[in-house]
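Residue-level structure breakdown
Letter by letter, the chains look like this.
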Amino acid sequence: MSDFPTPATDRPEHCENALLTVDLSALRQNWRLLADFSNGAECSGMLKANAYGLGLEPVMRALLAEGCRTFFVATAAEGERARAVSETAAIYVLEGLPPDCGELIARARLIPVLGSLEEIAEWAPSGLDAAVQLDTGMNRMGLPLEQTLGAASAIRPRLVMSHFVTSQTPNDPLNERQIAALAAARAAFPGIPASLCNSSGIFLPHKPLLELTRPGYALFGGNPTPRGPNPMKPVVRLRARILATRDIAAGETVGYDATWTATRPTKLATVGVGYADGVPVGASTAPGKPPAEALVGGRRCPLVGRVSMDFIVLDVTEAPPGAARRGEWVELLGDEIGVDELATRSRTIGYEILTRLGPRYARRYV
Ligand SMILES: *Cc1c(COP(=O)(O)O)cnc(C)c1O
């Protein structure tokens, strides 16, 4: 066990309906692997969205213990939380500089990622550290490339960065175009470190590692190479409790709007998690996609009918005897079923699965 804070609950584990376990040692191994793959470039840690839903503070402490010194957050509020964890870490704020918020950002010694000449003009007089983000194709945040020289004459940033559009597709020509665009633009910032790679970028054959990498998803167990096996260790384990079981006859339906009909005598188990906990409604039975599954006594059992707010229902007819009983645990995420699989079977992406992991789960950090 660890000295990380556990949530404000002293209910015994056997009274929890659902338990989310975050494996901080797997997280540290993932960061170590990504740092090794960064091949001499510094490897940072992405902490935006409460560290992809897993808890900014415990995740940051674990990464600090593994040697990570540079972090990215989305907002100044997240930056303040990160600053409270470490006095000395470099903390970049991806959303940059909201109008008139410079003082707040400076007070927490955060480093705004500036993405427009306006932001640069507002921040530059402070003389404080900043990053400049160049837009090489995302068209979301970042300075248009034709303004690069204007930016370079107004500020000497600590970091120049850009962001990949489609790094999970290694052979997309867009990757090469973005790598070349950043290489050309950074010539305006001689001697300044540059950064381009998110998780999947680190695994690109072009190896555009530059001086700093910025992995997020892969740290938390997501597959950065979705066309191949997942090199990362699973970090999240989600187990939930069977609340009730019943046997139904062929022809009976399950759940709201009767979207699933039994074709044989069927044993059902009702489990105490639902969309209010972040189980996507997209995990419901639907034509044209494989069913979402949970492990019941080690056997995969399909989710049937619609996900409701606080419940899902599994077809446990094939579960091993004794496993599908009131009070037994089922596993929705873990070694066997990863975030990428649940995402595919819910018609979403693993990032959304992680960031929506519900506040109602009892959380354990191990
Ligand atoms: C979210 C984000 C990352 C991390 O991306 P992953 O795909 O989760 O590794 C890196 N850089 C920027 C600018 C981001 O917004």
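Residues numbered from 1 in each chain as written. Predicted model: local features only at pLDDT ≥ 70, side-chain atom pairs only at ≥ 80, totals over all residues. Heavy atoms only, no water.

**Examining a nonpolar patch on the surface**
Taken together, the side chains of Y275, V281 and M309 make up a nonpolar region of the molecular surface, amounting to roughly 280 Å² of accessible area. Its location among the elements puts Y275 in the loop between β15 (266-271) and β16 (293-296). Residue classification places Y275 among the partly exposed residues on the basis of a relative accessible area of 39%. (Patch = residues over 30% accessible without salt bridge, like charges linked within 9 Å, V, L, I, M, F, W, Y side chains within 5 Å. Areas by Shrake-Rupley, 256 points an atom, 1.4 Å probe, with all protein chains shown as cover. Salt bridge = Lys/Arg side-chain N within 4 Å of Asp/Glu carboxyl O. Helix = DSSP H or I, 4+ residues; strand = E, 2+ residues; numbered from the N terminus. Buried < 20%, exposed > 50% of the residue type's maximum accessible area, 1.4 Å probe, protein only.)

**Looking at the site of the ligand**
Around the ligand sit 14 residues, and of these K48, Y52, S199, Y217 and Y351 come closest. At 2.5 Å from an oxygen atom of the ligand is found a side-chain nitrogen or oxygen belonging to Y52. Y351 is positioned such that a nitrogen or oxygen atom in its side chain is 2.5 Å from an oxygen atom of the ligand. A total of 390 Å² of accessible area belongs to the ligand in isolation, and the protein chains cover 94% of it. Here the residues of the shell around the ligand sort into seven nonpolar, four polar and three charged. (Near = heavy atom within 4 Å. Polar contact = N/O pair within 3.5 Å; in protein donor to acceptor, adjacent residues only side chain to side chain. Nonpolar A, V, L, I, M, F, W, Y, C, P; charged D, E, K, R; others polar.)

**Digging into the packing of helix α3 (residues 56-66) against helix α4 (residues 76-85)**
Running from N to C, α3 and α4 point in directions that differ by 50°, and their axes come no closer than 10 Å. Our classification of the angle between α3 and α4 gives oblique. When the axes of α3 and α4 are compared, the crossing they make is right-handed. Facing α3, whose interface residues are L56, E57, M60, R61 and L64, α4 presents E78, R81, A82 and V85. A per-class count over the contact of α3 with α4 returns five nonpolar, no polar and four charged. (Axes fitted to C-alpha atoms, helices over the stretch in contact; angles between N-to-C directions. Parallel < 35°, antiparallel > 145°, perpendicular 65-115°, else oblique. Left-handed = near helix turned anticlockwise from the far one by under 90°. Contact = heavy atoms within 4.5 Å.)

**Overview of the layout of surface pockets**
Empty space among the atoms becomes apparent when a probe as large as a water molecule is rolled across them. Considering only enclosed or pocket space, the largest pocket measures out at about 890 Å³ in volume. Along the wall of the largest pocket there are 36 residues; nearest its centre are K48, Y52, H163, N198 and Y351. Only α2 (48-52), α9 (199-202), α10 (339-344) and α11 (350-355) provide two or more residues apiece to the lining of the largest pocket. Per-class residue counts for the lining of the largest pocket are 16 nonpolar, 14 polar and six charged. Counting contributing residues per domain, the lining of the largest pocket is built from domain 1 (24-220) and domain 2 (236-365), each supplying no fewer than three. Here the second largest pocket is characterised by a volume of approximately 240 Å³. (1 Å grid on protein atoms, 1.4 Å probe; cavity = no way out; pocket = protein on both sides within 12 Å on 5 of 7 lines; lining within 4 Å. Points joined across faces, edges and corners; volume = space filled by probe spheres on them. Domains from an automatic or database assignment.)

**With respect to the packing of helix α1 (residues 24-37) against α3**
Packing of α1 against α3 leaves a shortest axis separation of 9 Å and a crossing angle of 50°. As summarised for this structure, α1 and α3 are arranged oblique, according to the angle between their axes. Classified by chirality, the crossing of α3 by α1 is right-handed. In this structure, α1 contributes L24, L27, R28, W31 and R32 to the contact, and α3 contributes P58, V59, A62, L63, A65 and E66.

**Focus on the packing of aromatic side chains**
Tallied over the entire structure, the rule returns five aromatic pairs. Measuring from centroid to centroid gives 4.0 Å for Y217 and Y351, while their planes differ by 10°, and the two rings are stacked. Placement of Y217 in the loop between β11 (212-213) and β12 (236-248) and of Y351 in helix α11 is noted, with a sequence separation of 134 residues between them. The class for Y351 is partly exposed, based on a relative accessible area of 31%. (Phe/Tyr/Trp six-rings, centres within 6.5 Å; stacked < 30°, edge-to-face > 60°.)

**With respect to the domain arrangement of the chain**
Per the domain assignment, the segments making up the chain are domain 1 (24-220) and domain 2 (236-365). Each of domain 1 and domain 2 was reduced to a C-alpha centroid, and the two centroids are 37 Å apart. Taken together, the contact between domain 1 and domain 2 spans nine residues of the former and ten residues of the latter. Here domain 1 packs against domain 2, burying approximately 910 Å² in sum over the two surfaces, 64% of which is carbon and sulfur. When residues of domain 1 are sorted by the area they lose upon contact with domain 2, Y52, L54 and Y217 head the list and together hold 60% of the total. (Buried area = accessible area lost by both parts, 1.4 Å probe.)

**Quick notes on the UniProt feature "domain: Alanine racemase C-terminal" (unreviewed entry) in the chain**
On the UniProt side, "domain: Alanine racemase C-terminal" (unreviewed entry) is annotated at positions that read residues 235-366 here. Counting secondary structure, residues 235-366 comes out at 9% helix and 33% strand; the distance between its end C-alpha atoms is 10 Å. (UniProt positions renumbered as here; feature names shortened; annotations may be inferred.)

**Here we look at the pattern of salt bridges**
With the rule as written, the count across this model stands at 19 salt bridges. Across the pair E341 and R300 runs a salt bridge whose closest N-O atoms are separated by 2.8 Å. Taken as a pair, E341 in helix α10 and R300 in strand β17 (residues 299-302) lie far apart in primary sequence, 41 residues in all. Of the residues examined, R300 reaches a relative accessible area of 28% and is grouped as partly exposed.

**Concerning the UniProt feature "modified residue: N6-(pyridoxal phosphate)lysine" (unreviewed entry) in the chain**
UniProt marks K48 with the feature "modified residue: N6-(pyridoxal phosphate)lysine" (unreviewed entry), using the numbering shown here. Dropping the residues within four chain positions of it, K48 is found in contact with F72, V73, A74, E78 and L94.

**Here's the deal with α1**
Between its first and last C-alpha, α1 extends 20 Å over 14 residues, near the 20 Å set by a 1.5 Å rise per residue. Listed as buried for α1 are L24, A26, L27, N30, W31, L34 and A35. N39 sits one or two positions beyond α1 and adopts a positive phi of about 60°. (Expected span 1.5 Å × (residues − 1).)

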